[in-house]
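# Structural overview
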Amino acid sequence: MSNATNQIGLEKADMSEVIAQLNNLLSTYHVFYLNVRGYHWNVKGEHFFTLHPKFEELYTALQLQIDEIAERILTLGGTPLHAYSDFTQHTSIQEDKNVKDGNACVKGVVTGLQALITEQRKVSTLAADSEDQGTADLVDAYVQEQEKLIWMYNAFLG
């Protein structure tokens with residue numbers, strides 16, 4: 001292995017942009033995770049018993065994905081962002097504070113998932129162009145799962 005490649009044999013120069021995009025994605029995941037935790041804690045109304053556990057299910061999955069993305073950054077030779085101040089500078093979504101209405105919470109979930117999908121498709125293309133199939137496969141699996149979630153949450157909204 002030369003100095004020009006990382007520990008898994010990919011060109012370091014090609015990976016710097018993939019790592020940067022993965023850190024942006026990691027930031028978006030963190031902000032979305034916190035939004036979903038807020039929906040879980042604060043949702044009120046007739047759909048509380050339906051939405052409260054669904055939001056917990058979602059943020060638990062997000063927590064695992066956050067860890068996998070950070071580990072992928074490390075595998076590629078990068079350093080994952082880990083400070084909230086960094087996340088707010090690199091995210092593609094906004095904080096969604098003090099949302100209590102069930103439909104508004106679900107709309108926030110759909111918006112967040114759409115942002116993740118958009119970002120992940122860009123990461124996948126960049127990774128594939130850099131011959132980084134591992135990263136492409138990781139985010140492609142998330143996209144497939146999140147597309148189904150969007151359909152389900154939109155079905156809830158009617």
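Up top is the structure these notes are about.
These notes cover the structure that comes with them. (Residues numbered from 1 in each chain as written. Predicted model: local features only at pLDDT ≥ 70, side-chain atom pairs only at ≥ 80, totals over all residues. Heavy atoms only, no water.)

## Notes on the overall build of the protein
- For the protein, the count of helices and strands is 5 helices and 0 strands.
- Its helices and strands in sequence order give the protein the pattern α-α-α-α-α, from N to C terminus.
- Expected size for 158 residues packed as a compact globule is a radius of gyration near 15 Å; at 17 Å, the protein falls within 12% of this value.
- Out of the 158 residues belonging to the protein, those deemed buried represent 44%.
- Within the protein, contacts between residues separated by at least 24 positions form 78% of all contacts whose residues are at least 6 apart in sequence.
- Only carbon and sulfur atoms are counted for the fraction: they give 51% of the accessible area of the protein, which is about 8,500 Å².
- Between the averaged position of the 11 positive side-chain charges in the protein and that of its 21 negative side-chain charges there is a distance of 9 Å. (Helix = DSSP H or I, 4+ residues; strand = E, 2+ residues; numbered from the N terminus. Rg over C-alpha atoms; globule rule 2.2 N^0.38 Å. Buried < 20%, exposed > 50% of the residue type's maximum accessible area, 1.4 Å probe, protein only. Contact = heavy atoms within 4.5 Å. Areas by Shrake-Rupley, 256 points an atom, 1.4 Å probe, with all protein chains shown as cover. Lys, Arg positive; Asp, Glu negative; His and termini not counted. Charge placed at Lys NZ, Arg CZ, Asp CG, Glu CD.)

## Notes on the packing of aromatic side chains
- Scanning the entire structure with this criterion turns up 5 aromatic pairs.
- Measuring from centroid to centroid gives 5.9 Å for tyrosine 39 and phenylalanine 55, while their planes differ by 55°, and the two rings are tilted. Of this pair, tyrosine 39 sits in helix H1 (residues 12-42) while phenylalanine 55 is found in helix H2 (residues 48-75), placing the two residues 16 residues apart along the sequence.
- On the basis of relative accessible area, tyrosine 39 is assigned to the buried category, the value being 1%.
- Geometry around tyrosine 59 places arginine 37 over its ring, the cationic atom sitting 4.0 Å from the centre. (Phe/Tyr/Trp six-rings, centres within 6.5 Å; stacked < 30°, edge-to-face > 60°. Lys NZ or Arg CZ within 6 Å of the ring centre and 35° of its normal.)

## Details of the packing of H2 against helix H5 (residues 133-157)
- H5 packs onto H2 with a crossing angle of 165° between their chain directions and a minimal axis gap of 12 Å. The angle between H2 and H5 falls in the class roughly antiparallel. The chirality of how H2 crosses H5 is left-handed. Contact residues: Leu51, Lys54, Phe55, Leu58, Gln65, Glu68, Ile69 and Arg72 in H2; Gly134, Thr135, Leu138, Tyr142, Glu145, Gln146, Leu149, Tyr153 and Phe156 in H5. (Axes fitted to C-alpha atoms, helices over the stretch in contact; angles between N-to-C directions. Parallel < 35°, antiparallel > 145°, perpendicular 65-115°, else oblique. Left-handed = near helix turned anticlockwise from the far one by under 90°.)

## Observations concerning the pattern of salt bridges
- Here the structure, examined in full by the defined rule, presents 4 salt bridges.
- For lysine 97, the salt bridge goes to glutamate 95, with nearest N and O atoms at 3.9 Å.
- By relative accessible area, lysine 97 is classed as exposed at 60%. (Salt bridge = Lys/Arg side-chain N within 4 Å of Asp/Glu carboxyl O.)

## Description of the environment of tyrosine 153
- Looking at the element boundaries, tyrosine 153 is found in helix H5.
- Since its relative accessible area comes to 6%, tyrosine 153 is described here as buried.
- Residues tyrosine 153 and valine 106 lie 47 residues apart in sequence; the distance between their C-alpha atoms is 6.5 Å.

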